[in-house]
Amino acid sequence: MQHAIEAEGLVKTYGKGTKAVRALSGVGFAVPRGTVFGLLGPNGAGKSTTTKILTTLSTPDSGTAVVAGLDVSREPGRVRHAIGYVPQKPCFDPTATGRENLTLQGHVYGLSRSDIRARGDQLLERFGLADAADRVTKTWSGGMQRKLDVALALMHRPRVLFLDEPTTGLDPEARADMWAEISGVTEADGVTVLLTTHYLEEADQLADRLVIIDRGQVVAEGTPEELKGGLDGDTVQVELADAGQQEAARRAVASVRGTGEISADGARLHARVGNGAATLPGLLAALEDAAIPLASVTVARPSLDDVYLRHAGRSFHSADRAGRAGTEVAA
Amino acid sequence: MSATTLAPVAPAAESRRFTSLRHAGYLTGRSLRILRREPVYLAFTLIQPMVWLLLFGALFERVAELPGFGSTSYLEYLTPGVVVMTAMMSAGWAGTGFIDDMNRGVMDRNLTSPVSRGALITGALTYQAVVTVVQSLIVFGVGVAAGARYDGGVTGVLVVLLCAVLLAVIFAALSCAVALMLRSQESLIGVSQFLTLPLAFTSTVMMAPALLPDWVGTIARYNPVDWAARASREALLGHPDWSAVLGRAGLLFALMLVMAWLATRAFRAYQRSV
């Protein structure tokens, strides 16, 4: 088994007739064993739907998926033994203590009593939850509760761990803490991790490889470095004082030597340039000559946001807002 | 990867049924633990039956003087009916547990674990059965404390408990099915209100069979609340007509199996929508 997950041509539509919403239109990727694989995309892109199919929660209209060497449609029962799943929403029992939560989980997977004890202790220790282990979990902090969710999913030593937006809603400190846990998990448990996120930073930090999903399709795939490296040079981001001048600004920027691809998103203009520092003076002069007032100008090394913009044709944040405002069906 | 880090293999086919029962047991235990930590919930479900029993018992005390009630006092007539009615009404809320689980990620986690759909339903229904036994004993005990006396002895009381449990499981299964299909607390409350009160009043829980209007009598014949109430009252008599008791208990049992099956099927509706 070369890959821990192989998905091919996954299609999923919710609802029927005119109300039908296409959540996935042919998603496919392969996840190498023992790595952290990121599924990055804005809200409503189809990340959760993909995860639900891979975890046997939902079935695709067409396409195939193999997880830990098992076909999810043909052998869902065996897949369930091989995976751990942390849903987007919290899944611990708030009326039970941390240890009680882990014990029930261990029983469900048929672990022996002594193993449940040992494995529970080990996970509580590792996630820094040992001191709170016998307290009812609704009194725990949000970060601790989320770590318990992950510990629950690891209880039975799964071969593949699914983390659906594990840090959404956590404060920055708890998020950094969770990142440390996730990056350690492949080593400590020999597990393969599929991580969905709509934080570019999170995918950049944690994922060995990632796919970018937009509107139910994979628009880019590679390591974060490869994806960023695919865009040579820097990005100059120009924010106009008046969005109405977008066309004029685009013409002015294009006239500057050394600018490559230009894309616009409302009052924002992104231009790819070979060397940001060298191009900037000429670019500013061109805009000045065209009498276009600016709100701000930034030069940046390529980020996943630029990768996203390049492949999806819109900036990540505007897509995220659109996804949030639109239907939650695929969330 | 060493041998100890391998995930446990899927259980063999012959042990699957056993595994399912074991899972149902753990889930029942989980729910009972919640109840033990927050027993206030049980107290809430007992307020209404106390009103029925003590207020109605006193208010309509002289109803029993009408021909049709025999020689019993109204409280004696009313108590077994209120026991089964309470069982039904509190079971109508059983689906709220599923809705809580769905609103959190608990349902999704369970459905991606080796726990079968059957075990999830069995766990919820078993929990409701245990709660019903406790509730029924309390309601019946209050009836006796208020002066109701029965010749049926322990056997009679056991039959009352059995009928209450069967009726509770029927409505708990229905409630779980509705929860899985509609996935909203409000809809569940609506459905359970719409069903339980009319069913209670179109039965012989409050009024002797001979005194019911004809059309209500006709409805009562197909009403599971009435089956449970009649079987319970009969079993508490000095010399019960056991064939009448068994016939109605059999009907309840059959309906329970149908409802439990329906509830298990309702998972498909939920999974189609996730």
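About the criteria used
- Here the residue index of a chain counts from 1 through its sequence in written order.
- Here the convention is simple: chains get letters from A, ligands get numbers from 1, in the order in which they are written.
- Predicted model: local features are reported for residues with pLDDT of at least 70 only, side-chain atom pairs are reported and counted for 80 or more only, and whole-chain, interface and lining totals are derived from all residues.
- Heavy atoms throughout the structure, all of them, feed into the side-chain values; hydrogens and water do not.
- Here a strand is any run of E in DSSP of at least two residues, a helix any run of H or I of at least four, and the numbering for each starts at the N terminus.
- Each residue gets one of three labels from its accessible area relative to the maximum for its type: buried under 20%, exposed over 50%, partly exposed in between, using a 1.4 Å probe on protein chains only.
- Throughout, a contact is declared for two residues whenever any of their heavy atoms are within 4.5 Å.
- Only the protein chains shown count as cover for residues, with accessible areas throughout obtained via the Shrake-Rupley method and a probe of 1.4 Å.
- Positive charges are assigned to Lys and Arg, negative charges to Asp and Glu, while His and the chain termini are left out of the count.
- Taken as the charge location is NZ of Lys, CZ of Arg, CG of Asp or CD of Glu.
- For two strands to pair, DSSP has to find at least two bridges joining them.
- Where a domain begins and ends is set by an automatic assignment or by a domain database.
- The term nonpolar core refers to a set of buried residues drawn from Ala, Val, Leu, Ile, Met, Phe, Trp, Tyr and Cys, joined through side-chain atoms within 4.5 Å.
- Throughout this description, the term salt bridge denotes a Lys or Arg side-chain nitrogen within 4 Å of a carboxyl oxygen of Asp or Glu.
- Pairs of N or O atoms are called polar contacts if they sit within 3.5 Å, as long as, within protein, a hydrogen donor faces a hydrogen acceptor (for residues adjacent in sequence, only side-chain-to-side-chain pairs).

### So, the overall build of chain A
Turning to step 1, where the next piece is worked out: The number of helices and strands found in chain A is twelve helices and 14 strands.
Turning to step 2, where the next piece is worked out: Considering chain A as a whole, with its 331 residues, one finds that 53% of them fall into the buried category.
Turning to step 3, where the next piece is worked out: Put simply, of all contacts in chain A between residues at least 6 apart along the chain, 70% involve residues at least 24 apart.
Turning to step 4, where the next piece is worked out: When the accessible surface of chain A is split by element, carbon and sulfur atoms take 47% of a total near 13600 Å².
Turning to step 5, where the next piece is worked out: Looking at chain A, you have 36 positive and 42 negative side-chain charges, and the mean spots of the two groups are 6 Å apart.

### So, the sheet that holds strand β4 (residues 62-67) of chain A
Residue and element names in this part refer to chain A.
Turning to step 1, where the next piece is worked out: Spatial strand order, β2-β1-β4-β5: four strands in an open sheet with antiparallel pairing. Strands with a single pairing partner mark the edges of an open sheet, and in this sheet they are β2 (21-32) and β5 (70-71).
Turning to step 2, where the next piece is worked out: Sheet topology places β4 next to β5; two bridges connect them, and they run antiparallel. Within β5, the residue paired with V66 across the bridge is D71.

### Concerning the domain arrangement of chain A
Turning to step 1, where the next piece is worked out: Segmentation of chain A into domains returns domain 1 (3-227) and domain 2 (232-301).
Turning to step 2, where the next piece is worked out: Between the C-alpha centres of domain 1 of chain A and domain 2 of chain A there is a distance of 40 Å.

### Let's talk about the nonpolar core
Soluble globular proteins tend to bury their nonpolar side chains together.
Turning to step 1, where the next piece is worked out: Core analysis: the biggest nonpolar cluster contains 111 residues, and I5(A), F29(A), V67(A) and F98(B) have the highest contact counts within it.
Turning to step 2, where the next piece is worked out: Broken down by element, this core gets its largest block of residues, 18 residues, from helix α7 (residues 153-182) of chain B.
Turning to step 3, where the next piece is worked out: Setting aside residues no more than four positions away along its own chain, F98(B) makes contact with M107(B), L120(B), I121(B), A124(B), C176(B), A179(B), L180(B) and F267(B).
Turning to step 4, where the next piece is worked out: L111(A), A133(A), A153(A) and L206(A) belong to the second-largest nonpolar core, a separate cluster that totals 32 residues.

### What about the interface of chain A and chain B?
Turning to step 1, where the next piece is worked out: Listed per partner, the contact involves 38 residues of chain A and 34 residues of chain B.
Turning to step 2, where the next piece is worked out: There are five salt bridges connecting chain A and chain B.
Turning to step 3, where the next piece is worked out: Put simply, R33(B) and E100(A) hold a salt bridge, and the shortest N to O gap is 3.7 Å.
Turning to step 4, where the next piece is worked out: One can count 13 residue pairs in polar contact (both at pLDDT 80 or more) joining chain A with chain B.
Turning to step 5, where the next piece is worked out: Elements supplying a minimum of two residues to the side of chain A that touches chain B: β1 (3-14), α2 (76-82), β6 (83-86) and α3 (98-108) of chain A.

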